[in-house]
Amino acid sequence: MAATGNRGGGRRSKGERRLVGTRMPVADADKLAAVAEAQGMTVSDYVAQLVTKHLSHVQLDKISNQEALPIPQAS
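Residues numbered from 1 in each chain as written. Predicted model: local features only at pLDDT ≥ 70, side-chain atom pairs only at ≥ 80, totals over all residues. Heavy atoms only, no water.

Student: What am I meant to see in the overall build of the protein chain here?
Tutor: If you tally the helices and strands in the protein chain, you get 3 helices and 0 strands. Helices and strands in the protein chain line up, N terminus first, as α-α-α. Within the span of the protein chain, comprising 75 residues, buried residues form 4% of the whole. Total accessible area on the protein chain is roughly 7,700 Å²; 54% of this is exposed by carbon and sulfur atoms. (Helix = DSSP H or I, 4+ residues; strand = E, 2+ residues; numbered from the N terminus. Buried < 20%, exposed > 50% of the residue type's maximum accessible area, 1.4 Å probe, protein only. Areas by Shrake-Rupley, 256 points an atom, 1.4 Å probe, with all protein chains shown as cover.)

Student: Looking at this model, I keep getting lost on a nonpolar patch on the surface. Mind explaining?
Tutor: Where nonpolar side chains cluster on the molecular surface, the patch consists of Val-43, Val-47, Leu-50, Val-51 and Leu-55 and spans about 370 Å² of accessible area. Relative to the helices and strands, Val-47 resides in helix α2 (residues 43-55). (Patch = residues over 30% accessible without salt bridge, like charges linked within 9 Å, V, L, I, M, F, W, Y side chains within 5 Å. Salt bridge = Lys/Arg side-chain N within 4 Å of Asp/Glu carboxyl O.)

Student: I would appreciate a short explanation of the pattern of salt bridges in the present structure.
Tutor: Any two side chains of opposite charge can pair, on the condition that their charged atoms come close. Applying the stated criterion to the full structure yields 1 salt bridge. Between Asp-45 and Lys-14 there is a salt bridge, and its shortest N-O distance comes to 2.6 Å. Residue Asp-45 is located in helix α2, and its partner Lys-14 is located in the segment before α1 (26-38); the two are separated by 31 residues in the primary sequence. Look at Lys-14 and you get partly exposed, because its relative accessible area is 39%.

Student: Help me understand α1, please; the structure alone is not making it clear to me.
Tutor: In an α-helix, one turn spans 3.6 residues, which is why side chains three or four residues apart end up on the same side. Over its 13 residues, α1 extends 18 Å from the first C-alpha to the last, a length consistent with the 18 Å expected when each residue adds 1.5 Å. Immediately downstream of α1, the backbone of Gly-40 shows phi near 75°, a positive value. (Expected span 1.5 Å × (residues − 1).)

Student: What is the right way to read the packing of α1 against α2 from this model?
Tutor: A pair of packed helices can be characterised by two numbers: the angle between their axes and the separation between those axes. Contact pair α1 / α2: the axes reach a minimum separation of 9 Å and the direction vectors enclose 90°. In terms of their interaxial angle, α1 and α2 are classed as roughly perpendicular. Where α1 approaches α2, its residues Leu-32, Ala-33, Val-35 and Ala-36 are matched on the opposing element by Val-43, Tyr-46 and Val-47. (Axes fitted to C-alpha atoms, helices over the stretch in contact; angles between N-to-C directions. Parallel < 35°, antiparallel > 145°, perpendicular 65-115°, else oblique. Contact = heavy atoms within 4.5 Å.)

Student: What am I meant to see in the environment of Ser-44 here?
Tutor: Along the chain, Ser-44 falls in helix α2. The exposure class of Ser-44 is exposed, given its relative accessible area of 55%. Put simply, Ser-44 and Val-20 are 24 residues apart on the chain and 9.3 Å apart in space, counted from C-alpha to C-alpha.

Fair warning: the whole summary comes from geometry, so function is off the table for now.
Quick look at the structure:
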């Protein structure tokens, strides 16, 4: 029988993830940790939630700075 899931130990996987790190002023990082703890979340999960919420409102096609080249089409 093949093993599936978390094999009875630890937290279930949240799926494929990629590390996104940043450095911030100590006072802000301390405040972030306190807010995340008050929400019952890890700092990583809290920041991921904030960024995901923000990105859900971003339209990449609206922020692209690349314009089409003015090259006439061949006939």
